[in-house]
Protein chains: 2
Amino acid sequence: MTDSAKRDRGKRERLVAGAGDLVHRQGVLGVTLAQVAEAAHVPPGNVYYYFKTKDDLLRAVVEARIGEVRAMLHSFDAHADPSARLKALAGRWVEMHDLVARYGCPLGTLSEELGRRDDGLDREAAQLMGLILDWAEAQFRRMNTADPRECAVGLLAGVQGGALLAHALRDPALLADHVRRLQEWIDSLV
Amino acid sequence: MTDSAKRDRGKRERLVAGAGDLVHRQGVLGVTLAQVAEAAHVPPGNVYYYFKTKDDLLRAVVEARIGEVRAMLHSFDAHADPSARLKALAGRWVEMHDLVARYGCPLGTLSEELGRRDDGLDREAAQLMGLILDWAEAQFRRMNTADPRECAVGLLAGVQGGALLAHALRDPALLADHVRRLQEWIDSLV
DNA sequence: GTCTATACCGTGATAGAC
DNA sequence: GTCTATCACGGTATAGAC
């Protein structure tokens, strides 16, 4: 890789990371490309050198988030016990409960916003929830629980709903307490 | 009331209703005042005669939604049994599962979007979830369940999370199935 | 009291300078 | 190959015509 390509990559990554952050805090439509440029320490207007359109940048943000989700799920596979894996998944939202109470779940708010579209990006964003759901279903299946798919939906819906309520009421403790109840529920299934 | 005041009221109501609808489908920032005017059959630009700013109109939308929530909860009080009331609450989301799968829960998406703000409208919007939560808690308390507040959070989080997943995956059946599981859970507490 | 024409700004996007 | 000056558009909001 040439030096210039490396710099490109660095700036591209900074742009995507900054855009992802801003989108989380302000929503897709609330973010301007000028803000993204500033956050990534790139000259304003220069964003178009790396992304043809704003939607292009957005697509990169979604793809990066999907990558993060895959990495997260993969990291949970270190646990031998499927119930421990599921509890670790839920625990992720406890770890970021302050951030969630202020700006909502980074995955949930993005899914909600892009779910209204009809240009392909909605399908892309659906993977954010779809991947987690499929992974959780596989874990419940290993636990030999009845209706593993519905259990997976119950767990992720619980987490996402808890995040939404914690955000609406701006109450981090609500999320933490609710997730602990979900973790107890997982234990009760073993 | 004078005739002109009546007309005002009619237009005002049409503007608020149209704006509420558009906000649900496109999000707060995705709606333009021109669209609102068109939806309400009011001359474009004329919106400012009824509302000083866009935020003013938005506040009216939130207040109207709060009124709808109050009316909905009040209507459930017709059931003598608190568990029947709670199941009727959950049933509301089954009734509108197609709409929710397409555009998200009208209350949930609004709460998410306004929860990011910090100008008072976030507090206003918090009532959308707060009112339901308090009402549900009172019903669980009458059922003598342990931890009525946490049960209320569990129910509303379940519904909202189910709505979010149904929206993300654009799958109305997911919401209907999940809500039925929540209703069975309510029955199991009696 | 009701509505229209318009000002003004910030946005995404582009053409071309360096 | 990288960045800057600028455009055209669409948005909110206002001043003033009817």
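Throughout, a residue's number is its position along its own chain's written sequence, starting from 1. Here the convention is simple: chains get letters from A, ligands get numbers from 1, in the order in which they are written. Predicted model: local features are reported for residues with pLDDT of at least 70 only, side-chain atom pairs are reported and counted for 80 or more only, and whole-chain, interface and lining totals are derived from all residues. With hydrogens and water set aside, each side-chain value is computed from the structure's full complement of heavy atoms.

Per an unreviewed UniProt entry, chain A goes by TetR/AcrR family transcriptional regulator and derives from Streptomyces ferrugineus.

### Brief notes about the protein's contact with DNA strand D
Quick reminder of the rule: Throughout, the term near means that a residue has one or more heavy atoms lying within 4 Å of the molecule or strand in question. Distance and chemistry together define a polar contact, namely a pair of N or O atoms within 3.5 Å, with one atom able to donate a hydrogen and the other to accept it when in protein, and with adjacent residues in sequence counting only for side-chain atoms on both sides. What counts as a helix is a DSSP run of H or I of at least four residues, what counts as a strand is a run of E of at least two, and both are numbered from the N terminus. Only Asp, Glu, Lys and Arg are considered charged in this grouping, and only Ala, Val, Leu, Ile, Met, Phe, Trp, Tyr, Cys and Pro are considered nonpolar; every other residue, Gly among them, is considered polar.
Lining the immediate environment of DNA strand D, one finds 15 residues, of which Lys11(A), Pro43(A), Tyr49(A), Tyr48(B) and Lys54(B) sit closest. The protein-proximal atoms of DNA strand D, defined as those within 4 Å of the protein, are 84% sugar or phosphate. Lys11(A) is positioned with one of its side-chain polar atoms (N or O) 2.8 Å from a phosphate oxygen of DNA strand D. In this structure, a phosphate oxygen belonging to DNA strand D sits 3.1 Å away from a side-chain N or O atom of Tyr48(B). Looking at the surface near DNA strand D, the elements with two or more residues in it are helix H1 (3-26) and helix H3 (47-50) of chain A. For the surface near DNA strand D, the element with the most residues is H1(A), which contributes 3 residues. The residue inventory of the surface near DNA strand D, partitioned by class, reads 7 nonpolar, 5 polar and 3 charged.

### Brief notes about the interface of chain A and chain B
Test applied: When checking whether two residues touch, look at their non-hydrogen atoms; a contact exists if any pair is within 4.5 Å. Criterion for a salt bridge: a side-chain nitrogen of Lys or Arg within 4 Å of a carboxyl oxygen of Asp or Glu.
Counting residues at the interface gives 44 residues for chain A and 44 residues for chain B. If you look at where chain A meets chain B, you find 10 salt bridges. Between Asp122(A) and Arg170(B) there is a salt bridge, with the nearest N and O atoms lying 2.9 Å from each other. Linking chain A with chain B are 16 residue pairs in polar contact (both at pLDDT 80 or more). Elements supplying a minimum of two residues to the side of chain A that touches chain B: H1, helix H6 (97-103), helix H7 (106-115), helix H8 (121-142), helix H9 (148-168) and helix H10 (172-189) of chain A. It is H9(A) that contributes the most residues to the side of chain A that touches chain B, 14 residues altogether. Residues that form the side of chain A that touches chain B fall into these classes: 15 nonpolar, 17 polar and 12 charged.

### Focus: the pattern of salt bridges
Residue and element names in this part refer to chain A. Put simply, the rule reads: Three exposure classes are used, based on accessible area relative to the maximum for each residue type with a 1.4 Å probe and protein chains only: buried under 20%, partly exposed in between, and exposed over 50%.
Applying the stated rule across the entire model yields 34 salt bridges over all chains. For Asp134, the salt bridge goes to Arg149, with nearest N and O atoms at 2.8 Å. Within this pair, whereas Asp134 is found in helix H8, its partner Arg149 is found in helix H9, the two being separated by 15 residues in sequence. Classification of Arg149 by relative accessible area gives partly exposed; the value is 31%.

### Quick look at the UniProt feature "DNA-binding region" (unreviewed entry) in chain A
Rules: UniProt positions are given in the numbering used here, feature names are shortened, and annotations may be inferred rather than shown by experiment.
Under the present numbering, the feature "DNA-binding region" (unreviewed entry) in UniProt falls on residues 32-51 of chain A. Split by type, residues 32-51 of chain A is 55% helix and 0% strand. Its first and last C-alpha atoms lie 14 Å apart.

### Brief notes about the domain arrangement of chain A
All names here are of chain A. Note the following rule: Residue ranges for the domains originate in an automatic or database domain assignment. Here the quantity called buried area is the total loss of accessible area, with a 1.4 Å probe, experienced by two parts when brought into contact, counted for both.
Assigned domains of chain A: these are domain 1 (1-51) and domain 2 (64-189). Relative placement of domain 1 and domain 2: their C-alpha centres are 27 Å apart. At the interface, 9 residues of domain 1 touch 12 residues of domain 2. Between domain 1 and domain 2, roughly 660 Å² of surface is buried when both sides are summed, and carbon and sulfur atoms account for 64% of that area. It is His24, Arg25 and Val28 that lose the most area in domain 1 upon contact with domain 2, and together they represent 74% of the buried surface on that side. Linking domain 1 with domain 2 are 0 salt bridges.

### Structural notes on unusual backbone geometry
What is expected of a backbone is that most residues other than glycine have negative phi and most peptide bonds are trans. Of note, Arg170(A) is a non-glycine position whose phi angle comes to about 50°, a positive value. Take Arg170(A): it is sitting in the loop between H9 and H10. Judged by relative accessible area, which is 30%, Arg170(A) ranks as partly exposed. A positive phi is found at His41(B), a non-glycine position, where the angle reads about 55°. Its location among the elements puts His41(B) in the loop between helix H2 (33-39) and helix H3 (47-50).

### Examining the protein's contact with DNA strand C
The immediate surroundings of DNA strand C are formed by 14 residues, with Thr32(A), Tyr48(A), Lys54(A), Pro43(B) and Tyr49(B) found nearest. Counting only the atoms of DNA strand C within 4 Å of the protein, the fraction contributed by sugar and phosphate is 79%. In the model, a phosphate oxygen of DNA strand C is placed 3.0 Å from a nitrogen or oxygen of the Tyr48(A) side chain. Separating a phosphate oxygen of DNA strand C from a backbone N or O atom of Lys54(A) is a distance of 3.0 Å. Contributing elements (two or more residues each) for the surface near DNA strand C: helix H1 (3-26) and H3 of chain B. Broken down by element, the residue count for the surface near DNA strand C peaks at 3 residues, all from H1(B). Here the residues of the surface near DNA strand C sort into 6 nonpolar, 5 polar and 3 charged.

### So, the state of the cysteines
Here a disulfide denotes a covalent bond joining the sulfur atom of one cysteine to the sulfur atom of another. Which entries qualify depends on this criterion: Disulfide: a pair of cysteine sulfur atoms within 2.5 Å of each other.
All chains considered together, the criterion is met by 0 disulfides over all chains. No disulfide involves Cys105(A); its nearest neighbouring cysteine sulfur is the one of Cys105(B), lying 17 Å away.

### So, the packing of aromatic side chains
Residue and element names in this part refer to chain B. Heads up, the rule is: Any two rings among Phe, Tyr and Trp, with Trp reduced to its six-membered ring, count as a pair given centres within 6.5 Å; such a pair is stacked if its planes are under 30 degrees apart, edge-to-face if over 60, and tilted if neither.
Using the criterion set out here, one finds 6 aromatic pairs over all chains in the structure. Taken together, a centroid distance of 5.0 Å and an interplanar angle of 80° make the contact between Tyr49 and Tyr50 edge-to-face. Of the residues examined, Tyr49 reaches a relative accessible area of 60% and is grouped as exposed. Centre to centre, the rings of Phe140 and Trp185 are 5.7 Å apart; their planes meet at 50°, and the pair counts as tilted. Residue Phe140 is located in helix H8 (residues 121-142), and its partner Trp185 is located in helix H10 (residues 172-189); the two are separated by 45 residues in the primary sequence.

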